[in-house]
Amino acid sequence: MPDAIPFAVAVLTVSDGVSVGARQDDSGEVVAGLLAAHGYDVVAREVVPDDQGRIEAALRGLCARARLVVSTGGTGLGPRDVTPEATRRVLDREAPGLVALMLIEGLKSTPLAALSRAMAGA
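These figures come from a predicted structure and were not determined experimentally.

> Report on the side chain of T72, specifying residues and quantitative values.
You can see T72 is positioned in strand β3 (residues 68-72). Other than its neighbours up to four places away in sequence, T72 contacts L12, T13, V14, S27, G28 and V31.

Structural data, given as structure tokens:
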């Protein structure tokens, strides 16, 4: 298989705790590291709190800077977990096959992956 064609990607971490400096952005670090290790050019990393309007604005801004935006956080069942709703408002088309693939891969490491409400699309 040929190497990945490098292109600009961005990582968005959604977390109240990380956004106020109470926690480290471990998941954003892992995501950015994996993307870079596979040859992608990580051009931006941002952190926003669990706020639908702020998430939407960050996604729109990052989409203007990168061909791929990967978000982490805010996909659980808690009342402030609104990343899927914000993402849905930014997408033109959903990609349910990518969501299914994320679930399958996640279940290989934890049964709690079934509680995630992933969203993907273009």
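> I'd love a proper account of the nonpolar core, names of residues and values included.
Ranked by internal contacts, the top residues of the largest apolar core, which has 14 residues, are A10, L12, V14, V48, I55, L59 and L62. Discounting chain neighbours no more than four positions away, the residues touching L12 are E46, V47, V48, I55, A58, L59, L62, V70, S71 and T72. Formed by five residues, the second largest nonpolar core is a distinct cluster that contains V9, V11, V31 and A32.

> Describe in detail the layout of surface pockets, supporting the description with residues and values.
The computed volume of the largest pocket comes to approximately 1700 Å³. Lining the largest pocket we find 44 residues, and of these V69, V70, S71, M102 and A120 sit closest to its centre. Elements represented by at least two residues in the lining of the largest pocket include exactly α2 (26-37), α3 (52-63), β3, α4 (83-90) and α5 (96-107). No other element matches the seven residues that α5 contributes to the lining of the largest pocket.

> Please provide a residue-by-residue account of the packing of aromatic side chains, values included.
All chains considered together, the criterion is met by one aromatic pair. Residues F7 and Y40 carry aromatic rings whose centres are separated by 5.2 Å and whose planes lie at 75° to one another, so their mutual orientation is edge-to-face. Residue F7 is located in the segment before β1 (8-14), and its partner Y40 is located in the loop between α2 and β2 (41-48); the two are separated by 33 residues in the primary sequence. Accessibility expressed as a relative area gives 21% for F7, which makes it partly exposed. For Y40, a relative accessible area of 23% puts it in the partly exposed group. The ring of F7 carries the charged tip of R67 above its face, separated from the ring centre by 4.4 Å.

> Tell me about the packing of α3 against α4, and please be specific about residues and values.
Think of two packed helices as two axes; the pair is described by the angle between the axes and how far apart they sit. Running from amino to carboxyl end, α3 crosses α4 at an angle of 45°, the nearest separation of the two axes being 9 Å. Here α4 runs oblique to α3, going by the angle between their axes. Judged by the twist between their axes, the crossing of α3 over α4 is right-handed. Contacts between α3 and α4 involve Q52, I55, E56, L59 and R60 on the former and, on the latter, T83, E85, A86, T87, R89 and V90. A class-by-class count of the residues in the contact of α3 with α4 yields four nonpolar, three polar and four charged.

Quick notes on the rules
Residues numbered from 1 in each chain as written. Predicted model: local features only at pLDDT ≥ 70, side-chain atom pairs only at ≥ 80, totals over all residues. Heavy atoms only, no water. Helix = DSSP H or I, 4+ residues; strand = E, 2+ residues; numbered from the N terminus. Contact = heavy atoms within 4.5 Å. Core = buried A, V, L, I, M, F, W, Y, C linked by side-chain atoms within 4.5 Å. Buried < 20%, exposed > 50% of the residue type's maximum accessible area, 1.4 Å probe, protein only. 1 Å grid on protein atoms, 1.4 Å probe; cavity = no way out; pocket = protein on both sides within 12 Å on 5 of 7 lines; lining within 4 Å. Points joined across faces, edges and corners; volume = space filled by probe spheres on them. Phe/Tyr/Trp six-rings, centres within 6.5 Å; stacked < 30°, edge-to-face > 60°. Lys NZ or Arg CZ within 6 Å of the ring centre and 35° of its normal. Axes fitted to C-alpha atoms, helices over the stretch in contact; angles between N-to-C directions. Parallel < 35°, antiparallel > 145°, perpendicular 65-115°, else oblique. Left-handed = near helix turned anticlockwise from the far one by under 90°. Nonpolar A, V, L, I, M, F, W, Y, C, P; charged D, E, K, R; others polar.

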